Amino acid sequence: MGIVKARNKRAEPKRRERGEAFPVKHLAIIMDGNRRWADKKHLPRLLGHREGVKTLKELVKYAGREGLRYLTVYAFSSENWNRSNDEVSYLMELLAEAIRDELDELHSNQIRLSFIGDLSGMPVALRSEFDLAMERTRDNEQLSLQVAINYGSRLEITEAVRRIAEEVKGGKLSIAAITEDLLGSYLYTKGIPDPDLLIRTGGEMRLSNYLLWQSAYTELYITPVLWPEFTPDLLEDAMAEFASRQRRFGGD
Ligand code: IPE
Ligand code: IPE
Ligand code: MG
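Residues numbered from 1 in each chain as written. Chains lettered and ligands numbered in written order. Predicted model: local features only at pLDDT ≥ 70, side-chain atom pairs only at ≥ 80, totals over all residues. Heavy atoms only, no water.

Engineer: Tell me about the side chain of S114, residues and numbers included.
Structural biologist: Position of S114 among the secondary structure elements: in strand β3 (residues 111-116). Owing to a relative accessible area of 16%, S114 belongs among the buried residues under this scheme. Ignoring any residue separated from it by four or fewer positions in sequence, one finds S114 in contact with M134, L145, Q146 and V147. (Helix = DSSP H or I, 4+ residues; strand = E, 2+ residues; numbered from the N terminus. Buried < 20%, exposed > 50% of the residue type's maximum accessible area, 1.4 Å probe, protein only. Contact = heavy atoms within 4.5 Å.)

Printed below as a string of C-alpha cells:
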C-alpha cells in the first residue's frame, strides 16, 4: 500500500516547499483539446467540453487558493461560431449552466468574475447572466477571473481604434495623446496587467487571435496535454518552467 500511495501522492511543488508565491501575477490560458480528449476516450465530442469545465473549476479553485492574482481563459473565440449549430448551442448552454452552478462558490471564495469579448454578440439571456455575475462579484479581492467569450484580438483592437477615432473627431482627444497605454486602456483588459505567462494546452503552436496586444512579451508555454487532462500539478510544472526563463524585453 505504501508504495502505491507514495507513487500517487502529489509531490509538494518546490515553490511551495520554499514558501514562495506563484512567480506569475497574470496567467492566460488557451483551453484547447476538449474534442480530441473525447475522441481519445470514445465519448461524444460534446462531452469533452463538459469535462473541460470541470478542469477549469479545479484549476480556478487551486489557483485562487495559491494566491494567483489574475487568470484569463479563452472559452469561446469569435471564430468558434464557425462550428456546427449543435456544438455552439451546447457551448452556450454549458456556459449558462456553469455560471448558475458555480457562482455561489466562486463568490464565497472571493473570486471576481468578468467576461471579456464582444458581449453584444452573445444571446441576450446569457448577457444578463454575465452582468449579474460581474455585478455580484465585482468587489471580490482574491483572484480576478476573466472568461473570454466571443473574443477575438483583432476585433478588440479594431473597436478600440474606432472609439479613439470617434473621440479625436469629437475633439475630446488629441492625436498626440494616443499612446500605447491609451490604446491599452480601450481594450477589454483595461486595468489588468499584461499576462506574464500564456499556457496553451492541446499542442497547437499558435495564438488563435488571443490577447495579441497584451501578449507582446508574454512567455509562452505550449503543452500537448489536452485541456480536460490538465491538472494543478501540470500548472506547477508550467510555473516552474516560467521561473527558469530569462525575460529580456529586448534588453541584454
Ligand atoms: C477547446 O477545445 C474549446 C473550444 C474551442 C470551445 P476544442 O473544441 O477546440 O477541441 P479540439 O481542439 O478540437 O480537440
Ligand atoms: C482556440 O481554440 C479557442 C479556444 C480555446 C476557446 P481553437 O480550437 O478554436 O483554435 P484553432 O482553430 O485550433 O486555431
Ligand atoms: Mg481546438
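Engineer: Any details on the site of ligand 2? Residues and values, ideally.
Structural biologist: In the vicinity of ligand 2, the contacting residues are I30, M31, D32, Y74, A75, F76, N80, R83, R200, R206 and S208. Between an oxygen atom of ligand 2 and a side-chain N or O atom of D32, the distance comes to 3.1 Å. Between ligand 2 and R83, the relevant distance is 3.2 Å, taken from an oxygen atom to a side-chain nitrogen or oxygen of the residue. Residues of the shell around ligand 2, tallied by class, amount to five nonpolar, two polar and four charged. (Near = heavy atom within 4 Å. Polar contact = N/O pair within 3.5 Å; in protein donor to acceptor, adjacent residues only side chain to side chain. Nonpolar A, V, L, I, M, F, W, Y, C, P; charged D, E, K, R; others polar.)

Engineer: Outline the site of ligand 1, supporting the account with residue identities and numerical values.
Structural biologist: Lining the immediate surroundings of ligand 1 are M31, D32, G33, N34, R35, R36, H49, A75, N80, R83 and L91. Here an oxygen atom of ligand 1 sits 2.7 Å away from a polar atom, N or O, in the main chain of R36. Contact between ligand 1 and R83: an oxygen atom at 2.7 Å from a side-chain N or O atom of the residue. Relative to its unbound accessible area of 370 Å², ligand 1 is 90% covered by the protein chains. The leading source of residues in the shell around ligand 1 is helix α3 (residues 34-40), at three residues. (Areas by Shrake-Rupley, 256 points an atom, 1.4 Å probe, with all protein chains shown as cover.)

Engineer: Now, about the packing of aromatic side chains: what can you tell me, with residues and values included?
Structural biologist: Under the definition given, this model contains nine aromatic pairs. Ring centres of Y74 and Y210 lie 4.1 Å apart, and the angle between their planes is 10°; on these two criteria the pair is classed as stacked. Within this pair, whereas Y74 is found in strand β2 (residues 70-77), its partner Y210 is found in the loop between β5 (197-200) and β6 (219-222), the two being separated by 136 residues in sequence. Y210 gets classed as buried once you look at its relative accessible area, which sits at 0%. Through a chain of ring-to-ring contacts, three or more aromatic side chains come together here, namely Y74, Y151, Y188 and Y210. (Phe/Tyr/Trp six-rings, centres within 6.5 Å; stacked < 30°, edge-to-face > 60°.)

Engineer: Requested: an account of the pairing of β2, with residues and values cited.
Structural biologist: Within β2, seven of the eight residues are buried, leaving the element largely enclosed by the surrounding structure. With five bridges connecting them, strand β1 (residues 26-30) and β2 associate as parallel partners. Bridge pairing in β2 links A28 to T72. With seven bridges joining them, β2 and strand β4 (residues 143-151) adopt parallel strand pairing. In the strand pairing of β4, S77 is matched with Y151. (Pairing = 2+ DSSP bridges.)

Engineer: Describe the pattern of salt bridges, naming the residues involved and giving the relevant values.
Structural biologist: Scanning the model with the defined rule gives 26 salt bridges in all. For E66, the salt bridge identified is with R16, shortest N-O distance 3.1 Å. One end of the pair, E66, is in the loop between α4 (45-65) and β2; the other, R16, is in helix α2 (residues 14-17), and 50 residues separate them in sequence. A salt bridge links D32 to R200; the shortest N-O distance between them is 3.0 Å. Here the residue D32 occupies a position in the loop between β1 and α3, and R200 occupies one in strand β5, the gap between them amounting to 168 residues. For the pair D32 and R200, one class covers both residues: buried. Where salt bridges share partners, they join E12, R15, R16, E66 and E236 into one cluster. (Salt bridge = Lys/Arg side-chain N within 4 Å of Asp/Glu carboxyl O.)

Engineer: Quick rundown of the packing of α4 against helix α5 (residues 85-108)? Include the residues and the values.
Structural biologist: Where α4 contacts α5, the two axes come as close as 10 Å, and the packing angle between them is 25°. As judged from the angle between their axes, α4 and α5 are roughly parallel. Pair α4 / α5 crosses with right-handed handedness. Seen from α4, the contacting residues are L46, L47, H49, R50, V53, K57, V60 and K61; seen from α5, they are E87, Y90, L91, L94, E97, A98, E102, E105 and L106. Across the contact of α4 with α5, the residue classes break down as nine nonpolar, one polar and seven charged. (Axes fitted to C-alpha atoms, helices over the stretch in contact; angles between N-to-C directions. Parallel < 35°, antiparallel > 145°, perpendicular 65-115°, else oblique. Left-handed = near helix turned anticlockwise from the far one by under 90°.)

Engineer: So, the sheet that holds β2: which residues are in play, and what are the values?
Structural biologist: Strand order across the open sheet formed by six strands is β3-β4-β2-β1-β5-β6, with parallel pairing between neighbours. The open sheet terminates on both sides in strands that have one partner only, identified here as β3 and β6. Across the sheet, the mean angle from the axis of one strand to that of its neighbour is 20°, orientation sign disregarded. Contacts from α5 reach β2, β3 and β4, with the element oriented near 160° to β3.

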